[in-house]
Amino acid sequence: MSIVAILVLLAVAWSALAIGQIPNPFRARTSQARLWRRAFPSASKRQIGEFLALFADAFSFRATETQKFRPDDQLLGVYRAMNPAKWIPESKEVERLAKELRNRYDVALADIWDERMTLGALFAHVQQKKRSDHQRTA
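Residues numbered from 1 in each chain as written. Predicted model: local features only at pLDDT ≥ 70, side-chain atom pairs only at ≥ 80, totals over all residues. Heavy atoms only, no water.

Visitor: Is there a simple way to explain the overall build of the protein chain in this structure?
Guide: For the protein chain, the count of helices and strands is 8 helices and 0 strands. N-terminal to C-terminal, the α/β element order of the protein chain is α-α-α-α-α-α-α-α. (Helix = DSSP H or I, 4+ residues; strand = E, 2+ residues; numbered from the N terminus.)

Visitor: How should helix H4 (residues 45–58) be read in this particular structure?
Guide: An α-helical segment advances 3.6 residues per turn. Residues three or four places apart therefore align on the same side. The end-to-end C-alpha separation of H4 is 20 Å, in line with the 20 Å expected for 14 residues at 1.5 Å each. What H4 keeps buried is the set Ile48, Phe51, Leu52, Leu54, Phe55, Ala56 and Ala58. Positive backbone phi, at 60°, marks Ser60, one or two positions downstream of H4. (Expected span 1.5 Å × (residues − 1). Buried < 20%, exposed > 50% of the residue type's maximum accessible area, 1.4 Å probe, protein only.)

Visitor: Would you mind showing me how to read the pattern of salt bridges here?
Guide: If charged atoms from side chains of opposite charge come close, those side chains can pair. A full pass over the atoms with the stated rule returns 9 salt bridges. The partner of Glu50 in a salt bridge is Arg104, with the nearest N and O atoms 2.8 Å apart. With Glu50 in helix H4 and Arg104 in helix H6 (residues 92–105), this residue pair connects regions lying 54 residues apart in the sequence. Glu50 gets classed as partly exposed once you look at its relative accessible area, which sits at 22%. One salt bridge in this structure joins Arg102 and Asp106, with 3.5 Å as the shortest N-O distance. In this structure Arg102 comes out as partly exposed when scored by relative accessible area, which is 42%. On the accessibility criterion, Asp106 (40% relative accessible area) is partly exposed. Among the charged side chains, a network of salt bridges with common partners joins Arg46, Glu50 and Arg104. (Salt bridge = Lys/Arg side-chain N within 4 Å of Asp/Glu carboxyl O.)

Visitor: Looking at this structure, I do not really get the nonpolar core. What am I missing?
Guide: Burial of nonpolar side chains together is a common tendency in soluble globular proteins. One finds Trp36, Phe51, Phe55, Phe59, Leu97, Leu101 and Leu122 to be the most contacted residues of the largest nonpolar core, which totals 28 residues. Elements with a minimum of two residues in this core: H4, helix H5 (75–82), H6 and helix H8 (119–137). Setting aside residues no more than four positions away along its own chain, Phe55 makes contact with Phe61, Phe69, Leu75, Val78, Leu97 and Leu119. (Core = buried A, V, L, I, M, F, W, Y, C linked by side-chain atoms within 4.5 Å. Contact = heavy atoms within 4.5 Å.)

Visitor: Looking at this structure, how should I read unusual backbone geometry?
Guide: If a residue is not glycine, its phi is most likely negative; likewise, a peptide bond is most likely trans. Within the chain, Ser60 stands out as a residue other than glycine whose phi angle is a positive 60°. For Ser60, a relative accessible area of 37% corresponds to the partly exposed category. Notably, Asp106 is not glycine yet its phi reads approximately 60°, a positive angle. With respect to the helices, strands and loops of the structure, Asp106 is situated in the loop between H6 and helix H7 (109–112).

Visitor: Is there a simple way to think about the environment of Glu115 in this case?
Guide: Tracing the backbone shows Glu115 in the loop between H7 and H8. Along the sequence, Glu115 and Leu76 sit 39 residues apart, while their C-alpha atoms lie 6.7 Å from each other. Excluding anything up to four places from it in sequence, Glu115 contacts Gln74 and Leu76.

Visitor: Where do I start with the packing of H4 against H6 in this structure?
Guide: Close contact between H4 and H6 brings their axes to 8 Å; oriented N to C, the two are set at 145°. The two elements H4 and H6 cross, and the hand of that crossing is right-handed. Two secondary-structure elements touch here, H4 through Glu50, Phe51, Leu54, Phe55, Asp57 and Ala58 and H6 through Glu93, Arg96, Leu97, Glu100, Leu101, Arg104 and Tyr105. Looking at side-chain class alone, the contact of H4 with H6 contains 7 nonpolar, no polar and 6 charged residues. (Axes fitted to C-alpha atoms, helices over the stretch in contact; angles between N-to-C directions. Left-handed = near helix turned anticlockwise from the far one by under 90°. Nonpolar A, V, L, I, M, F, W, Y, C, P; charged D, E, K, R; others polar.)

In C-alpha cells, the structure reads:
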C-alpha cells in the first residue's frame, strides 16, 4: 500500500473520530454545571440540560460534551472555533439553532441577536419567554 493511500486512510479515520467533538478551546474543560446553576439558580438542572442539549444538537456536538460550555461562552466564539476561516456566520448550525429555538421555546433568534450574545444570555431569553408564557396562561 502506498504512503499516500495510508495518509488518506488516516485522514478519513481522524475526521470520523472528530465528528461531534467540540472545538479545542472547550474540549479540555471539566463540567461547567456549577457555573450554570450559579448563574440561573431558579432554573432546574433539567431545563439547563435541555437547553444545552438543543444547542449541542444544532451544532452536531456529542451530548456528553454539553456540560463543557459556560454561560459566558459567546455563540459566535463557538462558531468561529469550529470554523476559523469563516467570519460571517452563514452556517447550517446557526440556522438549525434558530429553528430549534423557535420550535421548542418560541424564541426568535433573529429578534434578539447580538454579535456578543452568550449562551447564558440566550438561556435567559428562553427562561423569560417561559415565565411570560406561564403568566399569560395563569
